Amino acid sequence: MPAHAPGVLVALLTLLGACASPRPAAPPAEAPFDAGAAFAEFEQALRESYAYLERDDFDVDAHLARTRAAAVQTSDPRAFRRLLHRSTFAFTDPHLLVGPLDDDDPNVGPTSADLALTLQDGRFVVADVRAGSAADVAGVRPGWVVAAVGGRPVEARAAELLAGLPAPTAHQRTYAATLAVNGARAGTRTLEFRVAGQPRTMELANPREFARRVAGLAPLSVEVRDRVGVVRFNNSLGDPATIPAFDAAVRTCLGLDALILDLRNTPSGGNTDVARAILGHFVAQARPYQVHEVPAVERRTTVPRRFVEYVLPRAPAFTGRVAVLGGRWTGSMGEGVVIGMHAAAGARTFTSDLGDLLGALHVLELPVARVTLELGAEALFHVDGTPRAAFVGDVPLPAADRDASGDDPALRAALAWLTAPGAAPTSAR
């Protein structure tokens, strides 16, 4: 090798090094988590946007102050998020969530729930059971007393979910107990009941499994019973495919005397496009079906904002009598269709308490807090001014999905009304 070869080799290696791809820069270090700034961001978003902040059932300012005092002590974003999420349970609103959720968070009702509770004489009692669910198949029925969840008294489990809330109301306790009996987002549940005074322990599948099965169904089903069509929606009010499916269902039922719209399996709500598509088959002219109010506008500008949403006719028109069924698994836009059919189409409503998902859902990303805040930013009302969550059906039922004997109380009541001799027609549309 020539004497100058080592120098050539060094130059060549230097050139090759210059031509090589540069090493990727290290990602910027994530800023340290600041719990104080994170809570300030959360509280500002809640106070500005949540339509149901003003409450007369508990002291919201005191609750937020307690939550702030606990939150600023956290240094872990996951623990911070978990604390905020549990603080929302005081509002008893399934629409109010702080995510992303973990497997040990309670299931989100009513979508991933199959039991609804009520408080009677100091005891938590099953108020209704979701039709077709694990609890229903196992034979759980309204009237059963819930004693324990996972071997712990249900009252203690509810109090744990309401940690930091002094003297919770009966409604808050019932809301938390309902969360408890429907389990966490992963795993089964072991529930202890008292049935006619006797203990009965059951291990039930996670309600999320049933929710997943419902999600795989067709948007709706149609059944005909003695010249009455029954259309049951399968949690599909957010699915555009529901629009042509319902159009076809109406065509199938045009020659029948009456129609039942079964909205008892719509816990996840949906959107107003699907709702108006449904309602349009039952009106002959433009009709108001719900009222919106946006408190954030008044908070920001001092100027109130309220508007009425209308539905327009769609072909084919169904002119027979109409009954609407709703229950505790009728949520959000499902509730909107119930009140809309009542207001715009004059349908007769057969309902228990509904899902009480408050307002029109908005999703806010909070980068400092590293959470997603879901809340009802628009308050919603029946056109007569009744808040949607306070609506009571024409035929109020203690349970809509199942009664104490396992029968279907809402469908039975609607069929009895529709097939009774001389039954009054649906109101003018």
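Criteria and thresholds
- Residues numbered from 1 in each chain as written.
- Predicted model: local features only at pLDDT ≥ 70, side-chain atom pairs only at ≥ 80, totals over all residues.
- Heavy atoms only, no water.
- Helix = DSSP H or I, 4+ residues; strand = E, 2+ residues; numbered from the N terminus.
- Buried < 20%, exposed > 50% of the residue type's maximum accessible area, 1.4 Å probe, protein only.
- Contact = heavy atoms within 4.5 Å.
- Areas by Shrake-Rupley, 256 points an atom, 1.4 Å probe, with all protein chains shown as cover.
- Lys, Arg positive; Asp, Glu negative; His and termini not counted.
- Charge placed at Lys NZ, Arg CZ, Asp CG, Glu CD.
- Axes fitted to C-alpha atoms, helices over the stretch in contact; angles between N-to-C directions.
- Parallel < 35°, antiparallel > 145°, perpendicular 65-115°, else oblique.
- Left-handed = near helix turned anticlockwise from the far one by under 90°.
- Nonpolar A, V, L, I, M, F, W, Y, C, P; charged D, E, K, R; others polar.
- pLDDT = per-residue confidence, 0-100.
- Patch = residues over 30% accessible without salt bridge, like charges linked within 9 Å, V, L, I, M, F, W, Y side chains within 5 Å.
- Salt bridge = Lys/Arg side-chain N within 4 Å of Asp/Glu carboxyl O.
- Polar contact = N/O pair within 3.5 Å; in protein donor to acceptor, adjacent residues only side chain to side chain.
- Pairing = 2+ DSSP bridges.
- Core = buried A, V, L, I, M, F, W, Y, C linked by side-chain atoms within 4.5 Å.
- Phe/Tyr/Trp six-rings, centres within 6.5 Å; stacked < 30°, edge-to-face > 60°.
- Lys NZ or Arg CZ within 6 Å of the ring centre and 35° of its normal.

### A closer look at the overall build of the protein
When you go through the protein residue by residue, the secondary structure sums to 13 helices and 17 strands. Dimensions of the protein, computed from the C-alpha atoms along their principal axes, are close to 115 × 55 × 55 Å. For the protein, buried positions account for 51% of its 429 residues. Counted over contacts in the protein with a minimum sequence separation of 6, partners at least 24 positions apart contribute 70%. A total of about 19100 Å² of accessible surface is found on the protein, and carbon and sulfur atoms cover 57% of it. Put simply, the protein has 42 plus and 47 minus side-chain charges, and the middle of one group is 3 Å from the middle of the other.

### Some words on the packing of helix 10 (residues 272-279) against helix 12 (residues 333-345)
Contact geometry of helix 10 with helix 12 gives a least axis separation of 10 Å together with a crossing angle of 30°. On the basis of their axis angle, the class for helix 10 and helix 12 is roughly parallel. Crossing geometry of helix 10 relative to helix 12 is assigned as right-handed. Here helix 10 contributes Thr272, Ala275, Ile278 and Leu279 to the contact with helix 12, which in turn contributes Met333, Val337, Gly340 and Met341. The residue makeup of the contact of helix 10 with helix 12, split by class, is 6 nonpolar, 2 polar and no charged.

### Some thoughts on the confidence of the model for the protein
Scored by pLDDT, the protein comes out at a mean of 92, with 91% of its residues at no less than 70. Low pLDDT, under 50, characterises residues 1-20; the stretch is placed with 0 contacts to residues that sit more than four places away or in other chains.

### Overview of unusual backbone geometry
Across the junction of Gly99 and Pro100, the peptide omega takes the value 5°, indicating a cis bond. Here Pro100 is to be found in the loop between strand 1 (97-99) and strand 2 (115-120). Of note, the bond from Ala315 into Pro316 is cis; its omega dihedral lies within 30 degrees of zero at -5°. When you line up the elements, Pro316 lands in the loop between strand 12 (306-311) and strand 13 (321-326).

### Looking at a nonpolar patch on the surface
On the surface, a nonpolar cluster with roughly 250 Å² of combined accessible area is contributed by Val308, Tyr310 and Val383. Within the secondary structure layout, Val308 lies in strand 12. Residue classification places Val308 among the partly exposed positions, given a relative accessible area of 41%.

### Topic: the pattern of salt bridges
Charged atoms that come close allow side chains of opposite charge to pair. As enumerated under the stated definition, the model contains 27 salt bridges in all. Between Asp102 and Arg78 there is a salt bridge, and its shortest N-O distance comes to 3.0 Å. Separated by 24 residues along the polypeptide, Asp102 in the loop between strand 1 and strand 2 and Arg78 in helix 4 (residues 77-87) bring together distant segments of the chain. When the shortest N-O distance is used, the salt bridge between Arg141 and Asp136 registers 2.9 Å.

### Some words on the side chain of Thr92
Topologically, Thr92 is positioned in the loop between helix 4 and strand 1. A polar atom in the side chain of Thr92 sits 3.5 Å from the side chain of Arg55. At 3.5 Å, the side chain of Thr92 forms a polar contact with the side chain of His171. When neighbours within four sequence positions are excluded, Thr92 is seen to be in contact with Arg55, His171, Gln172 and Tyr175.

### Remarks on the environment of Glu192
By secondary structure assignment, the location of Glu192 is in strand 6 (residues 189-195). Once the C-alpha coordinates of Glu192 and Trp144 are considered, the two residues, 48 residues apart in sequence, prove to be 10.0 Å apart. Excluding its chain neighbours within four sequence positions, the residues that come into contact with Glu192 are Val145, Val146, Ala147, Ala148, Pro199, Arg200 and Thr201. For Glu192, the side chain forms a polar contact with the side chain of Arg194, separated by 2.4 Å.

### Some details on the pairing of strand 15 (residues 360-366)
Where strand 15 lies against strand 16 (residues 371-381), 7 bridges are found, and the strand directions are antiparallel. Bridging from a neighbouring strand, Val363 pairs with Glu374 of strand 16. The turn linking strand 15 back onto strand 16 is made up of 4 residues, and Arg370 within it adopts a positive phi angle of 60°.

### Topic: the nonpolar core
By size, the foremost hydrophobic cluster in this structure holds 58 residues, and its most contacted members are Leu46, Tyr50, Phe80, Leu115, Val126, Val140 and Phe193. Ignoring anything within four residues of it in the chain, the contact list for Val126 reads Leu115, Ala116, Leu117, Val140, Arg141, Pro142, Gly143, Trp144, Val146 and Phe193.

### A look at the pairing of strand 2
Note: strand 2 against strand 3 (residues 123-129), 6 bridges, orientation antiparallel. By the bridge assignment, Leu115 is partnered in strand 3 with Val129. Here strand 2 folds back onto strand 3 in antiparallel fashion, the turn holding 2 residues, of which Asp121 has a positive phi close to 50°.

### Some words on the packing of aromatic side chains
We describe a pair of aromatic rings using the distance from one ring centre to the other and the angle between the two ring planes. In total, this model carries 10 aromatic pairs according to the counting rule given. Here the aromatic cluster, defined as three or more aromatic residues joined through ring pairs, consists of Tyr50, Tyr52, Phe58 and Phe91. Its end group placed over the ring of Phe381, Arg306 keeps NZ or CZ at 4.7 Å from the ring centre. Arg321 extends its terminal NZ or CZ atom over the ring of Trp417, reaching a point 5.9 Å from the ring centre.

### Some details on the packing of helix 3 (residues 60-71) against helix 4
Viewed as axis vectors pointing N to C, helix 3 and helix 4 meet at an angle of 165°, and their least axial separation amounts to 10 Å. Considering the angle they form, helix 3 stands roughly antiparallel to helix 4. Every pair of crossing elements has a handedness; the one defined by helix 3 and helix 4 is right-handed. Of the residues in helix 4, those in contact with His63, Thr67, Ala70 and Ala71 of helix 3 are Phe80, Leu83, Leu84 and Ser87.

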